[in-house]
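Read off the chains here:
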Amino acid sequence: MKTKVNPQKCEAYGDCHAICPEVYQLDEWGYAFVADENAEVPPELEAKAREAARACPTEAIVILD
Amino acid sequence: MASVWLMGQVRAFEDQEAYRARGGFQALQYALSVSPETVVKLVQSSGLRGRGGAGFPTGRKWQGVRANPGPRTVIVNGEEGEPGSQKDTWLMRNRPHLVLEGALIAAWAMEADNLYFYLSVEDWVARQRLEAAVRTWQGSPEFWPLAVELVAVPHTYVAGEETAAVAAVEGELARPRFKPPRPFEAGVRGQPTLVQNVETLAHLPYILREGPEAFRQVGTASSPGTLLVTLRGAVQRPGVYEVAMGTPLGVVIEKAGGGLHPGRQWRGVLTGGYFGGFVGPDPDIRLDFEGMQAAGGSLGNGELTVLDDRTCPLELAGAVTRFFAVESCGQCGVCQRLTKTLAELVADLAVGRGGEEVVQRLARYGEGMRLRGACALPDGAVAAVRTLLKVFPDAVASHLVQGRCEACVES
Ligand SMILES: Cc1cc2nc3c(=O)[nH]c(=O)nc-3n(C[C@H](O)[C@H](O)[C@H](O)COP(=O)(O)O)c2cc1C
Ligand code: SF4
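Because the structure is predicted, anything quoted here is derived from the model rather than measured.

Novice: Please clarify how the interface of chain B and chain A should be interpreted in this entry.
Specialist: Note on interface size: it is often stated as the accessible area lost on association of the parts. On the side of chain A, 13 residues touch chain B, which itself brings 19 residues to the contact. For chain B, the biggest contributors to the area lost against chain A are F178(B), R337(B) and R372(B); these three give 46% of the whole. At the surface where chain B touches chain A, the tally comes to two salt bridges. For R361(B), the salt bridge goes to E28(A), with nearest N and O atoms at 3.8 Å. At the junction of chain B and chain A, the tally comes to four residue pairs in polar contact (both at pLDDT 80 or more). Per-class residue counts for the side of chain B that touches chain A are nine nonpolar, four polar and six charged.

Take a look at the structure:
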């Protein structure tokens, strides 16, 4: 599983980072990003990443299975 | 300069008769006589790489499009968004039949149902000549039922980005879309779509007529063929020139550009239009995708802005970063913030405001803020900042302390 943030949708709510900081980091303006979008999400973090995606108010997080 | 085929003897508008007299449309006739797969194979073995900016191998892109079931679409990208770039418009205005033949070869190879010429409304000369060329083809023996349309949009920087082109063809605003999907998977109306730069397409007739080996005889192993260079800035003869890939930068500036003005000193080049960042005054830098990258710049669209000792790098970097801040289409929060911040920081540095912290912040953004937008626009601003600090440390130091440098004083 891979994941990325759609920067056209992200409005810097920060919920993803609150739920899964290992995968979703925030920049100085609060916009979320994934350090390496081409890297596989470690299996033990997959569930938390999916939860973060569900929680995002703007549906900015994309999960690529 | 080395052998040339995009410009050749052509200096002004070439009509269909003149183009046919030079062997025009033989490549298309050949393509129509063989299978699309054969055409793809030939282009693949030519090693042709995209001239729209990224240098992506054209044959591989074609395979990607063809791997998805039809109907398929081809977009000829003639939007040419880099400020000052003139190569695509030169081809469309002066050699519309060459551009058309290349586009038709691509449409045949993709087994496409629709072909769109995509350009800016301001370029009405190119538009009229392409339309006339299409009409002559529609009455020629090489015609087959392919729907051809012209789509013209108001000129912006992002309009030339591939997903913006797809959006414009669909009748929406020419603004980039989030990927995936990329156009080769799902572009115009969900169809697999080939978005190809005008110059890339203009190489195809030569490749099919003379063969991939002939194409590879010019240029370098990994960047074969020639490229069109738009030379600007502190050279005696700015303009569009065709040079072999791999030609040393110093040779291009001297032989094509006529060198610098007497008494001036060369201090660097802004590469790839506004997008590729600065490189220092090294005449041995090879003008191909690898050579430019190794030097810290990017070949991009082949546009080179030459700086001499009267060009203030801070002034140029200021223009570049302001340009990106203005041209950011505003869909991505991070792009808006980042491009605006970079423009402000460079402006502060230029007048010596904000102290060392400004340089530190610029360095941090320059290294750490890559690939954050839905399109690559912010990366152009980041590259300008990163290379400004690296290539022109003296000018940066001088502006930091005095708010000016020697170039500012002299000009
Ligand atoms: C912000 C942005 C602007 C672009 N503008 C242009 C353009 O004006 N013309 C162009 O051919 N490609 C442009 N590109 C590159 C296109 O997205 C695409 O890669 C290109 O047209 C593909 O053609 P090629 O494979 O023949 O190079 C732009 C890319 C970005 C990120
Ligand atoms: S990165 Fe910038 S220019 Fe590109 S789509 Fe997002 S806001 Fe627009």
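Novice: Is there a simple way to explain the environment of E11(A) in this structure?
Specialist: Residues and elements named next belong to chain A. Its location among the elements puts E11 in the loop between β1 (2-5) and α1 (15-19). A relative accessible area of 53% means that E11 is categorised as exposed. Counting along the chain gives 49 residues from E11 to A60, while the straight-line C-alpha distance between them is 8.3 Å. With residues up to four places along the chain from it excluded, the contact list for E11 reads Y31 and T58.

Novice: Explanation requested: the site of ligand 2 in the structure shown.
Specialist: Around ligand 2 there are 14 residues in total, and C329(B), Q331(B), C332(B), C335(B) and C375(B) lie nearest to it. More than one chain reaches ligand 2: its neighbouring residues belong to chains A and B. Its residues assigned to classes, the shell around ligand 2 shows nine nonpolar, five polar and no charged.

Basis of the calculations
Residues numbered from 1 in each chain as written. Chains lettered and ligands numbered in written order. Predicted model: local features only at pLDDT ≥ 70, side-chain atom pairs only at ≥ 80, totals over all residues. Heavy atoms only, no water. Contact = heavy atoms within 4.5 Å. Buried area = accessible area lost by both parts, 1.4 Å probe. Salt bridge = Lys/Arg side-chain N within 4 Å of Asp/Glu carboxyl O. Polar contact = N/O pair within 3.5 Å; in protein donor to acceptor, adjacent residues only side chain to side chain. Nonpolar A, V, L, I, M, F, W, Y, C, P; charged D, E, K, R; others polar. Helix = DSSP H or I, 4+ residues; strand = E, 2+ residues; numbered from the N terminus. Buried < 20%, exposed > 50% of the residue type's maximum accessible area, 1.4 Å probe, protein only. Near = heavy atom within 4 Å.

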